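Next come the chains, spelled out residue by residue.
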Amino acid sequence: MTIELFIPCFLDQLYPATAFNTVKVLEKAGCTVNYNPEQTCCGQPAFNAGFWDDAKTVGSKFLNDFHEDSVIVSPSASCTGMVRNYYNDLFTNTTSHNKCRNIQSNIYELSDFLVNILQVDYFGAELEGRAVYHDSCAGLRECKIKDEPRQLLSKVLGLEMVDLKNNETCCGFGGTFAVKFDAIATAMAQQKVDNALAAKADYIISTDASCLLHLQGYIDKNNLPIKTIHIADVLANGWGNV
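Just so we're clear, the structure is a prediction, and the values are computed from it rather than from any experiment.

## Some words on the overall build of the chain
- Scanning the chain from terminus to terminus reveals 13 helices and 8 strands.
- Taken over the C-alpha atoms alone, the chain extends approximately 55 × 45 × 25 Å along its principal axes.
- By the burial criterion, 50% of the 242 residues in the chain qualify as buried.
- Of the roughly 11200 Å² of accessible surface on the chain, 51% is carried by carbon and sulfur atoms.
- When the 19 basic and 28 acidic side-chain charges of the chain are each reduced to a single mean position, those positions are 4 Å apart.

Okay, here's the thing in structure tokens:
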């Protein structure tokens, strides 16, 4: 299958290795990956801040950067959820209405695409340790992803997955929420990390780098013995032993 890859600005600027690992995983799953270097942002930051005109401008560029008849895959439930759910508020009954609807029906978060579309869940990945999976708000509520990441992680050699208490509770990032309400966001991160430590986890894994950045910031500040890691990085790890 030939797919178009959407790498959100967040990953492009802060986690480029995760973007490259996404390509590796998709290619190993048998996909031909096309990447348009002109792509930028889906418009979510402006949309969430209430600047809908600016979000529409950025969103219009997104619609023009991708083909409406192509399958689009992204290693971000947050940005995938933005396009799927909130572009309705920006483009309903506009000249972009039909193209928007087609793109909305063709965009997938990475784990959703691998498990439900390609039906591939084994990549020969290896990662030694004990881990918990963090359900991001966007993954769980906007993209309806829950079992898919866990199915993929269950096939990683050497990785023991354990339950995370209150795993459906927000980590506190919430985009600008973590900036405007830093004390609340920090307390929420502390609760999430404390629960992971109580489970004796070495890793916190998620589909969203934004959540992981927030949690890793709390971990680093407090010198805690745990690490965050994106699911794409897990699936691309340890292939040399296959």
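Anyway, onward from the coordinates.
## Concerning the nonpolar core
- Counting residues in hydrophobic clusters, the biggest one holds 36 residues, and the most contacted among them are Ile3, Leu26, Leu114 and Ile205.
- Listed by contribution, the elements that provide at least two residues to this core are strand 1 (2-5), helix 2 (16-28), strand 3 (71-74), helix 7 (110-118), strand 5 (126-133), helix 9 (147-153), strand 7 (203-206) and helix 13 (231-235).
- Each of two domains, domain 1 (2-116) and domain 2 (122-236), supplies a minimum of three residues to this core.
- Setting aside chain neighbours within four positions, we find isoleucine 3 in contact with Leu26, Cys31, Thr32, Val33, Asn34, Val71, Val73 and Phe113.
- Formed by 19 residues, the second largest nonpolar core is a distinct cluster that contains Ala201, Leu215, Tyr218 and Ile219.

## With respect to the UniProt feature "domain: Cysteine-rich" (unreviewed entry) in the chain
- The positions that UniProt labels "domain: Cysteine-rich" (unreviewed entry) are, in the present scheme, residues 5-83 and 132-216.
- Along residues 5-83, the helical share is 57% and the strand share 10%, with 14 Å between the first and last C-alpha atoms.

## Description of the domain arrangement of the chain
- For the chain, the domain assignment lists domain 1 (2-116) and domain 2 (122-236).
- The gap between the C-alpha centroids of domain 1 and domain 2 is 22 Å.
- Taken together, the 29 residues of domain 1 in the interface contact 23 residues of domain 2.
- With both sides pooled, the region where domain 1 packs onto domain 2 buries about 2100 Å², and carbon together with sulfur makes up 64% of that total.
- A per-residue breakdown of the area domain 1 buries against domain 2 is headed by Phe10, Ala77 and Val115, which together make up 21% of the total.
- Linking domain 1 to domain 2 there are 0 salt bridges.
- Counting across the domain 1 and domain 2 interface gives 9 residue pairs in polar contact (both at pLDDT 80 or more).
- Every element with two or more residues in the side of domain 1 that touches domain 2 is listed here: helix 1 (9-14), helix 2, helix 5 (77-91) and helix 7.
- Per element, the largest residue contribution to the side of domain 1 that touches domain 2 is 8 residues, and it comes from helix 5.

Criteria and thresholds
Residues numbered from 1 in each chain as written. Predicted model: local features only at pLDDT ≥ 70, side-chain atom pairs only at ≥ 80, totals over all residues. Heavy atoms only, no water. Helix = DSSP H or I, 4+ residues; strand = E, 2+ residues; numbered from the N terminus. Buried < 20%, exposed > 50% of the residue type's maximum accessible area, 1.4 Å probe, protein only. Areas by Shrake-Rupley, 256 points an atom, 1.4 Å probe, with all protein chains shown as cover. Lys, Arg positive; Asp, Glu negative; His and termini not counted. Charge placed at Lys NZ, Arg CZ, Asp CG, Glu CD. Core = buried A, V, L, I, M, F, W, Y, C linked by side-chain atoms within 4.5 Å. Domains from an automatic or database assignment. Contact = heavy atoms within 4.5 Å. UniProt positions renumbered as here; feature names shortened; annotations may be inferred. Buried area = accessible area lost by both parts, 1.4 Å probe. Salt bridge = Lys/Arg side-chain N within 4 Å of Asp/Glu carboxyl O. Polar contact = N/O pair within 3.5 Å; in protein donor to acceptor, adjacent residues only side chain to side chain.

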